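Residue strings, one per chain:
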Amino acid sequence: MAWPYVIAASLSVGWTLSPDVLVRLGNGIAENRTLFLAALGFSALMSALAVSLIRHPELRNNGKCSQVGLLVQGIGRVPAMTLILVSRISLVLLIPTGLLVSAGFAFNEIFLYWFPNFGFAFIVLGVITLLHLAGQQYARMIQPVFAGIVLLSLLILCLAGIGGPASSKPISVDIGFSFTGPVLTGALLLFLGFDYITPKNAYESRLPAFAALLPCLFLFLFWAMLSLQYVPADKLASTTVPHMLAAREILGEPGRFIMGAAIISGVSGAVNALFHLVIDSLDGLARRHLLPGHPARGLHRRVFVSVFAIVIGVFMMAGLAGHEELESYIQASLLLWLLLVGMQCLAAGRILKQLDNSRAWQGFALGLVYICSALYLTAAHGQAAIIIRFSLIALVATAIASTLWLWKKPAYELTHTNHEKSGGNS
């Protein structure tokens, strides 16, 4: 009976347990010390509040607990279609492109020097793709394994670090810290994924997300402090592999192997979770006849999974993973995800206000926090022009396509709208 909850929890931390998050964690604690620890706690609190709001029982009882249903009812069809399509498609194509290559390099540099790094990246992509083609249930069942390996690896390293040679050295969290607004605000990006709601599933409760959020927060706090204790702050802030440096300092060569396993499992779990997240979001649109070019009887999951895998493979072969602009595109996709979470909170607040629920104001407040954070992080980024151009082009083009699609389907819209207002959960 508990296994569905374990699967739901592990899917919600797919991105959070990825190596990219560990990089941001290590760099952030080195730059901001105590302030970054406070930012982690604040971000986890915001995520918990957002989860409790967008999965509010009154929304579920009114048939609006699915992500697509919540956005359609709360902000309208065109904004919902636009935000979901742009944020989800960019996530599933760009983030795996960067993550898979990092997994390949980790396998090549830590385990087998002679094995081609891109070859291993394609193997991981192929395994995840085959799991989804075999059946969604198989891809879901493997997710707790990926998440469990990462959590266990971090736990082993944290316990070893507590009793290690540098454990008696004071942690200089209060010495030389600085206030870096984008880094502190960017802590919100580390916990993205807790908004994940699988339509029509048996575990839409808030418990799985809460159960996954707490251990991640505590492990992050311990790991961040231990990293600063074992690795000099200036070195930790400037490197692109702070987690590897800390693991090697804590346990030597075994620490490298443990962190290598965490990196590969983290990449596999992140790619698998993103495939689930995007496919379920597109399926929600398709079932409401809001996915342009796709029938309303449900999503052709295997077709979309195959297309995603092919495009990601082409991106890797074309050298996008080594292109300097990829990081800007990945940041843009994460900020669009942050914006989407904010719009979900606003949508929940608007619906709860119509239901005369006292928590409606929280939806507006949380939505404002997330949306303003996304705008601030966009403006403060070193490649803001690239992010703004990418986001605007994608949003405007998708909004136009969505408007034209809805204009062609007035009869279906009217029927479905009446069905939703009557309390149907489609």
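Residues numbered from 1 in each chain as written. Predicted model: local features only at pLDDT ≥ 70, side-chain atom pairs only at ≥ 80, totals over all residues. Heavy atoms only, no water.

Asks: Please clarify how the overall build of the protein should be interpreted in this entry.
Replies: Scanning the protein from N- to C-terminus turns up 17 helices and zero strands. Per-residue burial for the protein yields a buried fraction of 57% across its 426 residues. Long-range contacts, defined here as pairs at least 24 residues apart, represent 81% of the contacts in the protein between residues at least 6 apart. Of the accessible surface of the protein, which amounts to about 17000 Å², a share of 69% is contributed by carbon and sulfur atoms. (Helix = DSSP H or I, 4+ residues; strand = E, 2+ residues; numbered from the N terminus. Buried < 20%, exposed > 50% of the residue type's maximum accessible area, 1.4 Å probe, protein only. Contact = heavy atoms within 4.5 Å. Areas by Shrake-Rupley, 256 points an atom, 1.4 Å probe, with all protein chains shown as cover.)

Asks: Got a minute to help me understand the nonpolar core in this structure?
Replies: Generally speaking, soluble globular proteins have nonpolar side chains that are buried together. Core analysis: the largest hydrophobic core is formed by 136 residues, its most contacted members being Trp 223 and Met 259. By residue number, the principal contributor to this core is helix H12 (residues 242-287), which donates 21 residues. Residues within four places of Trp 223 in sequence aside, it is in contact with Leu 25, Leu 154, Leu 157, Cys 158, His 243, Ala 246, Ala 247, Ile 250 and Met 259. (Core = buried A, V, L, I, M, F, W, Y, C linked by side-chain atoms within 4.5 Å.)

Asks: What exactly am I supposed to notice about unusual backbone geometry here?
Replies: For residues that are not glycine, phi is negative in most cases, and the peptide bond is trans in most cases. With a phi close to 55°, His 289 is a non-glycine residue in the positive phi region. The residue His 289 is located in the loop between H12 and helix H13 (301-317) in this model. The phi angle at Asp 356 is positive, at roughly 60°, despite the residue not being glycine. Note that Asp 356 resides in the loop between helix H14 (326-354) and helix H15 (360-380).

Asks: Any chance you could explain the packing of helix H6 (residues 77-111) against helix H16 (residues 384-407) here in plain terms?
Replies: For any two helices packed against each other, the geometry comes down to the angle between their axes and how far apart the axes lie. The geometry of H6 relative to H16 is characterised by a closest axis approach of 8 Å and an angle of 130° between their N-to-C directions. Viewed along their axes, H6 and H16 adopt a mutual orientation that is oblique. As for how H6 packs across H16, the hand of that crossing is right-handed. Mapping the contact onto sequence places Arg 77, Val 78, Met 81, Thr 82, Leu 83, Leu 85, Val 86, Ser 90 and Leu 94 in H6 and Phe 390, Ala 394, Leu 395, Thr 398, Ala 399, Ser 402, Thr 403, Trp 405 and Leu 406 in H16. Its residues assigned to classes, the contact of H6 with H16 comprises 12 nonpolar, five polar and one charged. (Axes fitted to C-alpha atoms, helices over the stretch in contact; angles between N-to-C directions. Parallel < 35°, antiparallel > 145°, perpendicular 65-115°, else oblique. Left-handed = near helix turned anticlockwise from the far one by under 90°. Nonpolar A, V, L, I, M, F, W, Y, C, P; charged D, E, K, R; others polar.)

Asks: I tried to follow H13 on my own but got confused; where do I start?
Replies: Note: α-helices contain 3.6 residues per turn, so residues at a spacing of three or four share the same orientation. If you check H13, its first and last C-alpha atoms are 24 Å apart, about what 17 residues at 1.5 Å a residue would give, namely 24 Å. By the burial criterion, the buried members of H13 are Val 305, Phe 308, Ala 309, Ile 312, Gly 313 and Met 316. Considered in projection along H13, the buried side chains sweep an arc of 130° and stay on one side of the axis. Among the exposed residues of H13, those oriented more than 90 degrees off its buried face are Ile 310 and Met 317. The secondary structure elements touched by the buried residues of H13 are H6, helix H7 (117-134) and H12. Downstream of H13 by one or two residues, Gly 319 has phi in the positive range, about 90°. (Expected span 1.5 Å × (residues − 1). Arc of directions from axis to C-beta.)

Asks: How should a nonpolar patch on the surface be read in this particular structure?
Replies: Nonpolar side chains collect at one region of the surface, where Leu 152, Leu 155, Ile 156, Leu 159, Ile 162, Leu 214, Phe 218, Phe 222 and Leu 251 lie side by side and expose about 830 Å² of accessible area between them. Among the elements of the structure, helix H8 (136-162) and helix H10 (207-230) are those that each provide at least two residues to the nonpolar patch. Looking at the nonpolar patch, the element that brings in the most residues is H8, giving five residues. With respect to the helices and strands, the residue Phe 222 is situated in helix H10. (Patch = residues over 30% accessible without salt bridge, like charges linked within 9 Å, V, L, I, M, F, W, Y side chains within 5 Å. Salt bridge = Lys/Arg side-chain N within 4 Å of Asp/Glu carboxyl O.)

Asks: Help me understand the environment of Arg 288, please; the structure alone is not making it clear to me.
Replies: Here Arg 288 lies in the loop between H12 and H13. Take Arg 288: its relative accessible area is 4%, and that puts it in the buried class. Taking the C-alpha atoms as reference points, Arg 288 and Val 72, separated by 216 residues in sequence, lie 9.7 Å from one another.

Asks: What should I look at first to understand the packing of helix H5 (residues 67-75) against H14 in this one?
Replies: Contact geometry of H5 with H14 gives a least axis separation of 8 Å together with a crossing angle of 65°. Every pair of crossing elements has a handedness; the one defined by H5 and H14 is left-handed. Between H5, through Gln 67, Leu 70, Leu 71, Gln 73, Gly 74 and Ile 75, and H14, the contact on the second element is made entirely by Leu 340, Met 343, Gln 344, Ala 347, Ala 348, Arg 350 and Ile 351. Broken down by class, the residue content of the contact of H5 with H14 amounts to eight nonpolar, four polar and one charged.

Asks: Explain the environment of Gly 26 here, please?
Replies: Take Gly 26: it is sitting in helix H2 (residues 19-32). For Gly 26 and Leu 236, which are 210 residues apart along the polypeptide, the C-alpha to C-alpha distance reads 6.4 Å. With near-sequence residues (within four places) excluded, Gly 26 lies in contact with Leu 236 and Pro 242.

Asks: I tried to follow the confidence of the model for the protein on my own but got confused; where do I start?
Replies: Regions with low pLDDT carry predicted coordinates that are not meant to be interpreted in detail. Across the protein, the average pLDDT comes to 86, with 88% of residues at or above 70. Low pLDDT, under 50, characterises residues 199-203; the predicted model gives this stretch 11 contacts beyond four residues in sequence or across chains. Contacts from residues 411-426, a stretch scored under 50 in pLDDT, to residues over four places away or in other chains number 24 contacts. (pLDDT = per-residue confidence, 0-100.)

Asks: Any chance you could explain the environment of Ile 156 here in plain terms?
Replies: As for its position among the elements, Ile 156 is in helix H8. Sequence separation of Ile 156 and Ile 258 is 102 residues, and the distance between their C-alpha atoms is 8.5 Å.

Asks: Is there a simple way to think about the pattern of salt bridges in this case?
Replies: Opposite charge on two side chains lets them pair, provided their charged atoms get close. The tally for this structure, following the rule as stated, stands at five salt bridges. The partner of Glu 253 in a salt bridge is Arg 256, with the nearest N and O atoms 2.6 Å apart. With Glu 253 and Arg 256 both in helix H12 and three residues apart, the pair spans about one turn of that helix. Accessibility expressed as a relative area gives 40% for Glu 253, which makes it partly exposed. For Arg 256, a relative accessible area of 13% gives the class buried. Between Arg 301 and Asp 283 there is a salt bridge, and its shortest N-O distance comes to 3.7 Å.

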